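Geometric and topological summary
Below are the chains, spelled out letter by letter.
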Amino acid sequence: MFGCFGLVAGGAVDKVFWEGNFPVAKYSMKKINIVFGSVYGSAQYVAETLDNALADAGWQVQLWQPEQLTGFVPPEDELLLVITSTTGDGDLPENIMPWFAMMKDSAPYLSQLHYAVIALGDSSYDTFCGGGKQMDALLSELGAKRVGTRLEIDACETMEPETEALKWLETWLPLATSVSH
Ligand SMILES: Cc1cc2nc3c(=O)[nH]c(=O)nc-3n(C[C@H](O)[C@H](O)[C@H](O)COP(=O)(O)O)c2cc1C
């Protein structure tokens, strides 16, 4: 029975109650869903890097593969992190387009949802980070609240987008923790 205290790492103890003579801890885990859109793999690698970093920081993380996203409406009591590159002329990658379209056409109003966007792009395009900007605008139209600023990672400036994302995460985590359920 006492072993359960050590088993659930990273969760904050929400409440302690008694079962007979034994104290039982109820843990509240901070939950986050990560969705990504990627053409050549950079945004996917950023998503995988932050998946690990968030888990190390004690979050319960679900990294969604694009093909798993059919019908996925982000639960409002969990955070949402969208990481996407831009392709074409300010467009979203093909692998996140169906989810974007589904959210645009049929998602309910999500006024309790908190989210963040990491946009990968290249500032030599006029439509810099257009894909991430479209996601941000859609979530805002749906009533969701962005936590912190949108991170825009410029391929002209760095070959290691995951390093930029990890730096951003350091300042973003305290904000995210303050709004997590
Ligand atoms: C064909 C093509 C079109 C692109 N169009 C844009 C664009 O419109 N705006 C932008 O900011 N970046 C654009 N980019 C840059 C990519 O978004 C950037 O290189 C990003 O890091 C790629 O991430 P990914 O590997 O996850 O797809 C384009 C890149 C390619 C190859």
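As annotated in an unreviewed UniProt entry, the protein is Flavodoxin-like protein from Shewanella fodinae. As its UniProt record puts it under Cofactor (unreviewed entry), the protein is described as follows: "FMN".

If you tally the helices and strands in the protein, you get five helices and eight strands. In the protein, the succession of α and β elements from N to C terminus is α-β-β-β-α-β-β-α-β-α-β-β-α. Going through the 181 residues of the protein one by one, you find that 31% of them count as buried.

Turning our attention to the environment of leucine 110. With respect to the secondary-structure elements, leucine 110 resides in the loop between α3 (97-106) and β6 (114-121). Residues leucine 110 and threonine 163, spaced 53 residues apart in sequence, show a C-alpha to C-alpha distance of 31 Å. When residues no more than four places from it in sequence are discounted, the contact partners of leucine 110 are Pro74, Glu76, Leu142, Gly143 and Ala144.

Going residue by residue along strand β8 (residues 151-154), you find Leu151 and Ile153 tucked away on one face and Glu152 and Asp154 left uncovered on the opposite face. With four bridges connecting them, β6 and β8 associate as parallel partners. Within β8, the residue paired with alanine 119 across the bridge is glutamate 152.

As a structural note, the neighbourhood of the ligand is formed by 22 residues, with Tyr40, Ser42, Ala43, Ser85 and Gly121 the closest of them. Considering only residue class, the shell around the ligand consists of nine nonpolar, 11 polar and two charged.

Here the focus is helix α4 (residues 130-141). Along an α-helix, residues three or four positions apart point the same way, because every turn accommodates 3.6 residues. Counted at 1.5 Å a residue, the expected span for α4 with its 12 residues is 16 Å, and the 16 Å between its end C-alpha atoms agrees. When α4 is considered as a whole, its buried residues turn out to be Gly130, Gly131, Gly132, Gln134, Met135, Asp136 and Leu139. Where α4 is buried, its residues contact β3 (30-37), β5 (79-84), α3, β6, β7 (145-146) and β8. Positive phi shows up at glycine 143, right after α4, with a value of about 95 degrees.

When the terminal C-alpha atoms of helix α2 (residues 42-56) are compared, their 21 Å separation across 15 residues agrees well with the 21 Å that a helix rising 1.5 Å per residue should span. Contact partners of the buried residues in α2: β3, β4 (59-64), β5, β6 and α5 (161-179). Positive phi shows up at glycine 58, right after α2, with a value of about 95 degrees.

With that settled, the discussion passes to the nonpolar core. Within the largest apolar cluster, 38 residues are counted, with the highest numbers of intra-cluster contacts made by Ile34, Leu81, Ile83 and Tyr115. Ranked by residues supplied to this core, first place goes to β6 with six residues. When neighbours within four sequence positions are excluded, tyrosine 115 is seen to be in contact with Leu79, Leu80, Leu81, Val82, Leu139, Ala144, Arg146 and Val147.

Conventions we followed
Residues numbered from 1 in each chain as written. Predicted model: local features only at pLDDT ≥ 70, side-chain atom pairs only at ≥ 80, totals over all residues. UniProt positions renumbered as here; feature names shortened; annotations may be inferred. Helix = DSSP H or I, 4+ residues; strand = E, 2+ residues; numbered from the N terminus. Buried ≥ 20, exposed ≤ 12 C-beta atoms within 10 Å, placed from the backbone. Contact = placed C-beta atoms within 7 Å. Pairing = 2+ DSSP bridges. Near = placed C-beta within 6 Å. Nonpolar A, V, L, I, M, F, W, Y, C, P; charged D, E, K, R; others polar. Expected span 1.5 Å × (residues − 1). Core = buried A, V, L, I, M, F, W, Y, C linked by C-beta atoms within 7 Å.

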